[in-house]
Structure formats: structure tokens, C-alpha cells
Amino acid sequence: MKHHLSSLLFVLCVLGIAKQSECYKILAIVPTPSYSHQIPYRRLWLELHKRGHEVVLATSDPIPNIKSPNFTQVDISQSYGTIKSLDFVQMRFEGKRWTYFVEEEMLPMSEVFAKTVLSSTELRKLYAPDSNATFDVLLTEVLFLPSIYAFAHRFNIPIIGISSLGLAGFNEHALGGLILPSHEYTWEMEDNTGTNLSFFKRLCNFVTMWRTIYYIYHEMVPHHQKLAEEYFGPLPPLLDLLKNVSMLFINQADVMTPARPKLANMITFTASHIEKIPKALPKDLQAFLDGATNGFIYFSLGSNARSASLPLEIRRMFCDVFAKLPYRVVWKFEEDFPGKPDNVYIGKWLPQQTILAHPNIKLFIYQGGLQSSEETVHYGVPVLGFAILADQDYQVARMEALGIGKYLEITTLKKDELENAITELITNKKYKERIHYIRNVVQDTPYDPVKNLAWWTEYVIRTKGAPHLRSSLAFQPWYQRCDMDIVVFLTIVIFLIAFTTFHLIAKILVYIHTNIKSTEKQKIS
């Protein structure tokens, strides 16, 4: 009996050691102070922790009610002040495009975000030269903060890049992907993309895209290189660290994204932040929605754009149209709103998913945020989109192309245009039927997307960075990647052959012409 008991204890110890050896230390840094950048990955952090891994998460929006010695959250929310100081709605009305934002606003803003992370007391203790802290992988955003990649060099660990709004052109190029300036997927071009564009428009997109990429390579990356070295000391080129990103977790549904070639190490997912049990509504709001016998409209410009920043004449236009409609309206509005119509409910913060899940909802008027697009598809609510910044033009245009919404330009909006769009979207059943179809396609997947991401995270660690999935094009010069040297060579060869051929033909013709004239002269003489 003692022998069997000893054997059992030995087996349990071996299993315990084996289990412990499978637990990894994961460093996750999401430096952008925006709720929409944080929530798509919350379930992933919790899933990794559930699997027994130790997680250190630097985030501007800490997950509430986490009490575990193996889950450490570093609060970097102080950088919110920078992004809240920008008026994105005003920028839209001033005609400032995304490329302007990148070249004029992004560098100083990204420096603040990066310094908030690099100067964090908790993180400095981890990456200090005398620190014994170790990690197995870094998960961080691949946007416009390359200085964060220095953590991967400090701990000698692979990087998994994450993005909550598709892959930016600069990162696509650095990782060996295709740059297609006029493709619908290229969200940086906002509303200038599409099929069968004119030559001039494609030329403008080409110049704009490559000018922006050049700016990031030659201005932003060197700036972040110096910034990172102030904290970490000498570093290899941050661009080399970026090129060695092992895998990409991109928040986008394939059915809601125009098809195009993807990098081999890119994993896409969607709707991971959707709540299984939506939050309860305030009692007054619940009564307002329950009493909407004809249905209601939900209106929100998201967390970064403010309805209160809309010009007075635009706000008045919305009020005039809402007052005429037989529907109630719930409007996320950040200030007091005297003179609003009686059928309009104002809230500075609203539980969006719960509102979208209400059976009386008819329409969602929004700014085109990706997470809002995922939510409205999940709950089957058609949309009317007014893009404000970044990927939102692309998102709203895609919703219109899918037949589940309409796109209007808020800076040139007319009252009858707004009223007709709302009426069409609510009364025409094709939008509701189409969005139910899209929802079914999105949800038709053989695996849980978050558990799939967790498995790939472990795979990257097990395979020491999964180097076999990285594109070798990332390390080739641009002219070799596009075979431009060959194209130029063949162009020169063809030109020389054509030139030589025409030259010989011309000489032969001149020779023949000269001989004919000489013969005629001889006959005359």
C-alpha cells in the first residue's frame, strides 16, 4: 500500500512540474489611451491567465475586479489627457485628413504615449539593468510607437503585434506585405479608395501613401529610437525589431473586410469584446426604451469624438429631423442640451451593447468605429454612418457596400438627406435581412477566436518566435521586393532593341531611297 501511495505521489509531482513548465510569463503593453484599443484584447488577457500563465498588462483601462498574484495591471491612463485635448470633430469640419494627423499630430502625441509607458515606475523596475524579471513573449500594438519594441530586446523575447483597427500601411510594408494605396482595405486613404478609380485619383493615393510611409521611416522611427535609448541605453534599430515580429493578431472580421493578400503570420478575429450578458440599463432609460412603441434610434459618435463638438447648425438639424420622426432617440451627448426635442433622451455615457440588444431598436447612427460595427452586426441593427477620423471612412463605406447601412458626410449634411436616409434604413426590410445574413457569416466559425489567439501565443513561445511564418520580403530592398530593378532593366533593353531596330530600318530606307534616286539620275543621263 505504501509503495502504491509513493508511486501516486511521484506521478502527481511529475504532473505538477510538467504543468508548471507549461506556464509562461507574458508581457502585454497597449499604450494607446483609447477604450476601443483596449477592449478587443481583454478576453485574451483573461484567457491566458486562465490557462495558468503569468500576465503583466500595461493598459490605460485596467480590467476591474482582478485579484490574482499572477495578473498584474500597470495603469497608464494618465496619457488620456493628450488624446482628450484633440477635437476630432472640429478637425473633420476643417478638412484635415488622416495623413495630416499622422504628419502633424501623431509624433508629439506618440511621444507622450511612449514616455508614459517607459517612465512607469512599475515597468522601470521590470526592465532595469539589475532586474531579474524575465518574460517569454511581448504582445503590443503595431501602430506608431516603435519605441515599445525595446522591451522585446531587453528581455530577449519574440513580439506578437496586435491592432484594433486593421494593419497600417507602414507596418504592412515593414513586415513584407503588399502596399496597395487605392485598395478598399487601405483605410489611411479614407474615402478615396475603391475599384476602377480614375488614374489621377490613384496617382494621388500613391503619392500620399508613400509620402506618409517615408515620413514614418525617416522622422517617426528615428525619433522613437532616440527616445527608447534614453531609457534602455544602446539598442539595435527598432525597425529591425519590427521586422522580426513573430505574429499579428488583427481585430477584423473577414466578411466585413475587402479581401486582399494577407501576411502568413496574420491571424484575424472579431467581436471578442461582445458581452454575453449585457449590463443593466438605468431605470429611466429602461422605461424610455420600453415605452418606444414605434421603436427608437440610438445615436453615438463613440468615445473619442464628441457630439457636443458638432457645430450648432448641425446639432439643430439633427434635432429638427428627430422631432419630426415617430421614433424615440437616445443620443450620447457629453453636455447639457437645452431645447432638445421631447422624444430625445440625452446621456453623457450610455451602455451601448445593452441599448443595441433592446428589441425596440430600429437604427444605430454612429461614427464608424470598428468595435461599434462589430456590435451592431452582432445585434442585427442597420447603421447610418458619419465618419470622423482614421479608419472610420473605410468602416462606414464597407457597411454600405455590404448592404447593411448608409454613408453620409457630416460636414455637408442636408436636412432632407438625413431624414430620407433614416426613413429608408428603418422602413426597407432589406437592410435588416442583410445584416442578419452578415451576422450569421461572422459567427460561422469552427473555433472560439480568443482561445485560438491564446493557442497561437503559446505556439510563438514554443517555436521560439515562429520564424518560419515571417515574410523574407521584409528584409529585401524595395526595388528587389517589387522587381523594379528587373522592370527597369527590361525597359532599357526593350527600348534599346526598339531604338536599334527603328534606327536600322531608317538607315535601310534612306539607303534604298538614295539608291533609287541614283538609279533614276543614271537613267536620265
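Note that the structure is a prediction, hence the values are computed from the model and not measured.

1. Notes on the packing of aromatic side chains
Here is step 1: Evaluation of the coordinates by the stated rule reveals 30 aromatic pairs.
Here is step 2: Geometrically, the ring pair formed by Phe288 and Tyr345 is tilted, given 5.5 Å between the ring centres and 40° between the ring planes. Of this pair, Phe288 sits in helix H12 (residues 283–290) while Tyr345 is found in strand E10 (residues 344–347), placing the two residues 57 residues apart along the sequence. Side by side, Phe288 and Tyr345 carry an identical accessibility label, which is buried.
Here is step 3: Lying across the ring of Phe288, Arg328 places its NZ or CZ 4.9 Å from the centre.
Here is step 4: Positioned above the aromatic ring of Trp455, the side-chain terminus of Arg462 is 5.5 Å from the ring centre.

2. As for the environment of Glu374
Here is step 1: By the element assignment, Glu374 lies in helix H15 (residues 370–379).
Here is step 2: Residues in contact with Glu374, not counting those within four places in the same chain, are Asn251, Met256, Thr270, Ala271, His273 and Ile274.
Here is step 3: Within polar-contact distance, the side chain of Glu374 engages the side chain of Asn251 at 2.8 Å.

3. Things to note about the pairing of strand E4 (residues 137–141)
Here is step 1: When you tally the buried positions in E4, you get five out of five residues, the bulk of the element.
Here is step 2: Judged from the four bridges that link them, strand E1 (residues 25–30) and E4 form a sheet pairing that is parallel. Following the sheet pairing, Ile29 is matched in E4 by Thr140.
Here is step 3: Both E4 and strand E5 (residues 159–163) contribute to a ladder of four bridges, which runs parallel. Bridging across to E5, Leu138 finds its partner in Ile159.
Here is step 4: Each parallel crossover has a hand, and for E4 linked through helix H8 (residues 150–155) to E5 it is right-handed.

4. Section: a nonpolar patch on the surface
Here is step 1: Side chains of Trp478, Tyr479, Met484, Val487, Val488, Ile492, Phe495, Leu496 and Phe499 sit close together on the surface and give an oily, nonpolar patch of about 900 Å² of accessible area.
Here is step 2: Those elements that provide at least two residues to the nonpolar patch are helix H20 (478–481) and helix H21 (484–524).
Here is step 3: Examining the composition of the nonpolar patch, we find that seven residues originate from one element, H21, more than from any other.
Here is step 4: According to the relative accessible area criterion, Leu496 is partly exposed, its value standing at 46%.

5. Details of the nonpolar core
Here is step 1: In terms of nonpolar packing, the biggest core is built from 104 residues, with Phe151, Phe318, Phe322, Trp331, Leu384 and Ile422 touching the most fellow members.
Here is step 2: The contact partners of Leu384, leaving out residues within four places of it in the chain, are Leu363, Phe364, Ile365, Tyr366, Lys406, Leu408, Leu418, Ala421, Ile422 and Leu425.
Here is step 3: Counting 29 residues, the second largest nonpolar core, distinct from the first, contains Phe269, Val450, Ala454 and Tyr459.

6. Comments concerning the UniProt feature "transmembrane region" (unreviewed entry) in the protein
Here is step 1: If you check UniProt for "transmembrane region" (unreviewed entry), the listed places come out as residues 486–512 in our numbering.
Here is step 2: Regarding residues 486–512, the helix share stands at 100% and the strand share at 0%, and the terminal C-alpha atoms are separated by 38 Å.

7. Topic: helix H18 (residues 429–443)
Here is step 1: Taking 1.5 Å per residue, 15 residues should reach 21 Å; H18 reaches 22 Å between its end C-alpha atoms and fits that length.
Here is step 2: Buried residues of H18: Tyr431, Ile435, Ile438 and Val442, and no others. Looking straight down H18, one finds that the buried residues subtend no more than 60° of arc, so they occupy a single side. Turned more than 90 degrees away from the buried face of H18, the exposed residues are Lys429 and Glu433.
Here is step 3: Between the side-chain oxygen of the N-cap and the backbone nitrogen of Lys430 there are 3.1 Å, and the N-cap of H18 in question is Asn428.

8. Considering the packing of H15 against H18
Here is step 1: Put simply, H15 and H18 touch, their axes get as near as 8 Å, and they point 105° apart. The pairing of H15 with H18 is recorded here as roughly perpendicular in orientation. Seen from H15, the contacting residues are Thr376, Val377, His378 and Tyr379; seen from H18, they are Ile435, Ile438, Arg439, Val442 and Gln443.
Here is step 2: Looking at the contact of H15 with H18, its residues break down into five nonpolar, three polar and one charged.

9. A few points about the sheet that holds strand E12 (residues 383–385)
Here is step 1: In spatial order, the strands read E10-E9-E8-E11-E12-E13; together these six strands make up an open sheet with parallel pairing. Edge positions in the sheet fall to E10 and strand E13 (405–407), since each has one partner strand and no second. Sheet twist, expressed as the mean angle between neighbouring strand axes with direction ignored, is 15°.
Here is step 2: Strands strand E8 (296–299), strand E9 (328–332) and E10 of the sheet are contacted by H12, whose axis makes an angle of about 145° with E9.
Here is step 3: Contacts between helix H13 (residues 312–324) and the sheet are confined to E8, E9, E10 and strand E11 (361–366), with E9 contributing the most and set at about 155° to the helix.

10. A closer look at the pattern of salt bridges
Here is step 1: What the rule picks out here adds up to 18 salt bridges.
Here is step 2: The partner of Glu111 in a salt bridge is Lys115, with the nearest N and O atoms 3.1 Å apart. Of this pair, Glu111 and Lys115 both sit in helix H6 (residues 98–118), separated by four residues, roughly a single helical turn.
Here is step 3: Assessed through its relative accessible area of 21%, Glu111 is described here as partly exposed.

11. Topic: the sheet that holds E1
Working definition: the strands of a sheet are paired by backbone hydrogen bonds and lie parallel or antiparallel to each other.
Here is step 1: Strand order in the open sheet formed by seven strands is E3-E2-E1-E4-E5-E6-E7, and the pairing between neighbours is parallel. Bordering the open sheet on either side are strand E3 (71–75) and strand E7 (266–269), each of which pairs with just one other strand. Across the sheet, the mean angle separating the axes of adjacent strands is 15° when strand polarity is ignored.
Here is step 2: The sheet contact formed by E5 and strand E6 (residues 247–251) spans four bridges and is parallel. Pairing of Ile162 across the sheet is with Phe249, part of E6.

12. Overview of the domain arrangement of the protein
Here is step 1: Under the domain assignment, the protein is made up of domain 1 (21–269 + 466–478) and domain 2 (283–443).
Here is step 2: Between domain 1 and domain 2, the C-alpha centre-to-centre distance is 30 Å.
Here is step 3: Counting residues at the interface gives 25 residues for domain 1 and 31 residues for domain 2.
Here is step 4: Of the roughly 2600 Å² buried between domain 1 and domain 2, counting both surfaces, carbon and sulfur atoms make up 65%.
Here is step 5: Together, Arg92, Phe93 and Met256 form the three largest contributors to the area buried by domain 1 at its contact with domain 2, with a combined 31%.
Here is step 6: At the junction of domain 1 and domain 2, the tally comes to seven residue pairs in polar contact (both at pLDDT 80 or more).
Here is step 7: Its residues placed into classes, the side of domain 1 that touches domain 2 shows 15 nonpolar, five polar and five charged.

Each value, and the rule that gives it
- Residues numbered from 1 in each chain as written.
- Predicted model: local features only at pLDDT ≥ 70, side-chain atom pairs only at ≥ 80, totals over all residues.
- Heavy atoms only, no water.
- Phe/Tyr/Trp six-rings, centres within 6.5 Å; stacked < 30°, edge-to-face > 60°.
- Helix = DSSP H or I, 4+ residues; strand = E, 2+ residues; numbered from the N terminus.
- Buried < 20%, exposed > 50% of the residue type's maximum accessible area, 1.4 Å probe, protein only.
- Lys NZ or Arg CZ within 6 Å of the ring centre and 35° of its normal.
- Contact = heavy atoms within 4.5 Å.
- Polar contact = N/O pair within 3.5 Å; in protein donor to acceptor, adjacent residues only side chain to side chain.
- Pairing = 2+ DSSP bridges.
- Right-handed = clockwise from strand over helix to strand, strands pointing away.
- Patch = residues over 30% accessible without salt bridge, like charges linked within 9 Å, V, L, I, M, F, W, Y side chains within 5 Å.
- Areas by Shrake-Rupley, 256 points an atom, 1.4 Å probe, with all protein chains shown as cover.
- Salt bridge = Lys/Arg side-chain N within 4 Å of Asp/Glu carboxyl O.
- Core = buried A, V, L, I, M, F, W, Y, C linked by side-chain atoms within 4.5 Å.
- UniProt positions renumbered as here; feature names shortened; annotations may be inferred.
- Expected span 1.5 Å × (residues − 1).
- Arc of directions from axis to C-beta.
- Axes fitted to C-alpha atoms, helices over the stretch in contact; angles between N-to-C directions.
- Parallel < 35°, antiparallel > 145°, perpendicular 65-115°, else oblique.
- Nonpolar A, V, L, I, M, F, W, Y, C, P; charged D, E, K, R; others polar.
- Domains from an automatic or database assignment.
- Buried area = accessible area lost by both parts, 1.4 Å probe.

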